[in-house]
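Chains, contacts and geometry: an overview
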Amino acid sequence: MAAKSPARIATAIAIPVALVVGVLAFWLLGGFPKAAATGTVRTDAAPMDEATAATCRALVARLPETLGGLHRRPVSAGPEQHAAFGDPAIVLSCGTVGKRAIPQDAQLLGLSDVCWYPEERGDETVWTTVDRQVPLRVVVPAKADGAWLVNLSAPIVATVPFADPGTTHC
């Protein structure tokens, strides 16, 4: 019987060890991606006047099917006034938010020609427009970030008319 060379023995050990390390690293880094959530996101439909409804229909129709890689999901009520993306869902609501008084010391953010008022609420941030004739709200879970708002700006600017925010400025 021929003696096994040290190189063959090292190779015979290294290959299984490399495979185990590779599988372990893959698993620790998240493994295979999970299937995109496709279930219905719970929303409430609020009554709107015809002008508001027309603006919201135009906005929702212009929204993309994916938002920065997050797929659009169906909503339980008011598909002409709501859109949801990803899991946990980022939810845009149009015309369902009453105009609110913005605190004097509020930090407003202008993102791609839309002025937003962000409010931290536990495990989510609620972003409300300040400069649109029809109010909009986007609820962003803590796991996501407000950067998704930039992707919504072009459809908002194209469909929801500007309204002078008065003394409030971004």
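Residues numbered from 1 in each chain as written. Predicted model: local features only at pLDDT ≥ 70, side-chain atom pairs only at ≥ 80, totals over all residues. Heavy atoms only, no water.

**A short note on unusual backbone geometry**
Backbone torsion omega between D87 and P88 reads 0 degrees, so that peptide bond is classified as cis. By secondary structure assignment, the location of P88 is in the loop between β3 (82–85) and β4 (90–94). With a phi angle near 50 degrees, S112 is a residue other than glycine that sits in the positive phi range. In this structure, S112 sits in the loop between β5 (109–111) and β6 (114–121). By relative accessible area, S112 is classed as partly exposed at 40%. The backbone of D113 sits at a positive phi, close to 75 degrees, despite the residue not being glycine. Examined against the element boundaries, D113 turns out to sit in the loop between β5 and β6. D113 gets classed as exposed once you look at its relative accessible area, which sits at 64%. (Helix = DSSP H or I, 4+ residues; strand = E, 2+ residues; numbered from the N terminus. Buried < 20%, exposed > 50% of the residue type's maximum accessible area, 1.4 Å probe, protein only.)

**A look at the environment of G68**
Tracing the backbone shows G68 in the loop between β1 (66–67) and β2 (70–73). Distance in space between the C-alpha atoms of G68 and V150 is 9.9 Å, their sequence separation being 82 residues. Sequence-distant contacts of G68, that is, excluding residues within four places in its chain, are made with W148 and N151. (Contact = heavy atoms within 4.5 Å.)

**Observations regarding the sheet that holds strand β7 (residues 124–129)**
A sheet is described by the order of its strands in space; here 8 strands give the open sequence β1-β2-β3-β4-β8-β7-β6-β5, paired in antiparallel fashion. Of all strands in the sheet, those with a lone pairing partner are β1 and β5, marking the two edges. Helix α2 (residues 50–62) contacts β2, β3, β4 and β8 (136–141) of the sheet and is inclined by roughly 150 degrees relative to β4. Each of β1, β2, β4, β5, β6, β7 and β8 touches helix α3 (residues 148–159); the most contacted strand, β6, lies at about 140 degrees to it. (Pairing = 2+ DSSP bridges. Axes fitted to C-alpha atoms, helices over the stretch in contact; angles between N-to-C directions.)

**Describing the state of the cysteines**
Following the criterion strictly, the structure yields 2 disulfides and no others. Between the sulfur atoms of C56 and its disulfide partner C94 the distance amounts to 2.1 Å. Disulfide C56 to C94: torsion about the S-S bond roughly -85 degrees, handedness left-handed. Placement of the pair is C56 in helix α2 and C94 in strand β4, with a sequence separation of 38 residues. The same class applies to C56 as to C94, namely buried. C115 shares a disulfide with C170; S-S distance 1.6 Å. Taking the sign of the S-S torsion, about 105 degrees here, the bridge from C115 to C170 comes out right-handed. (Disulfide = S-S within 2.5 Å.)

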